[in-house]
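Summary of structural features
Read off the chains here:
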Amino acid sequence: MDKAAETPAETPVETPAEPRIVVGGALIHRGRVLAARRSAPAAVAGRWEFPGGKAEPGETEAQALERELLEELGVQARALERLPGAWSVRPGLELRFWAAELLAGDPRPLEDHDELRWLGPAELDSVDWIEHDRDILPHIARLLGA
């Protein structure tokens, strides 16, 4: 038996593709944070989240968040800091949360939401959060000074 037959063929090691980033924004204004109730898809409709969406190719996370808040809520905001943690939404999608401040506009549910609420530190548990968003609440409470 020759040596070539004894050793397995060399196969390239596949490196996992970088996940696409989804940014969620904890929009802070006057000591409160904005919560948005999902209207779709059906699996999460009626539950609450921090608004945001997928980063486009070439966008930074901060740019993506600012664009998404404009598209979804009609407001100008500035991304301030990334909050700890990252969550796999589904294979290939990773959710990261950012704190942001409201610069201009009055938030309106323009896309994917049917209701908005400003919540103070004592009200953070008053809505039925989507699991990933619930996980970030201790950091939101810290930001709100609770």
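Check the entry above for the structure.
So, here's what we can say about the structure. The model shown is predicted, which means the values in this text are computed figures rather than measured ones. (Residues numbered from 1 in each chain as written. Predicted model: local features only at pLDDT ≥ 70, side-chain atom pairs only at ≥ 80, totals over all residues. Heavy atoms only, no water.)

Moving on: the packing of aromatic side chains. The tally for this structure, following the rule as stated, stands at three aromatic pairs. Between W87 and F97 the ring centres are 5.4 Å apart and the planes differ by 70°, which places this aromatic pair in the edge-to-face class. Placement of W87 in strand β6 (residues 87-90) and of F97 in strand β7 (residues 93-104) is noted, with a sequence separation of 10 residues between them. Relative accessible area serves as the criterion here: at 17%, W87 is assigned to the buried category. By relative accessible area, F97 is classed as buried at 1%. (Phe/Tyr/Trp six-rings, centres within 6.5 Å; stacked < 30°, edge-to-face > 60°. Helix = DSSP H or I, 4+ residues; strand = E, 2+ residues; numbered from the N terminus. Buried < 20%, exposed > 50% of the residue type's maximum accessible area, 1.4 Å probe, protein only.)

Generally speaking, soluble globular proteins have nonpolar side chains that are buried together. One finds V33, F50, L124, W129 and I140 to be the most contacted residues of the largest nonpolar core, which totals 22 residues. With four residues, the top contributor of residues to this core is β7. In this view, V33 contacts A26, L27, I28, F50, R117, W118, L119, L124, I140 and L144; residues no more than four positions away in its chain are not counted. Judged by nonpolar contacts, the second largest core, of 17 residues, contains A55, A64, L73 and V75. (Core = buried A, V, L, I, M, F, W, Y, C linked by side-chain atoms within 4.5 Å. Contact = heavy atoms within 4.5 Å.)

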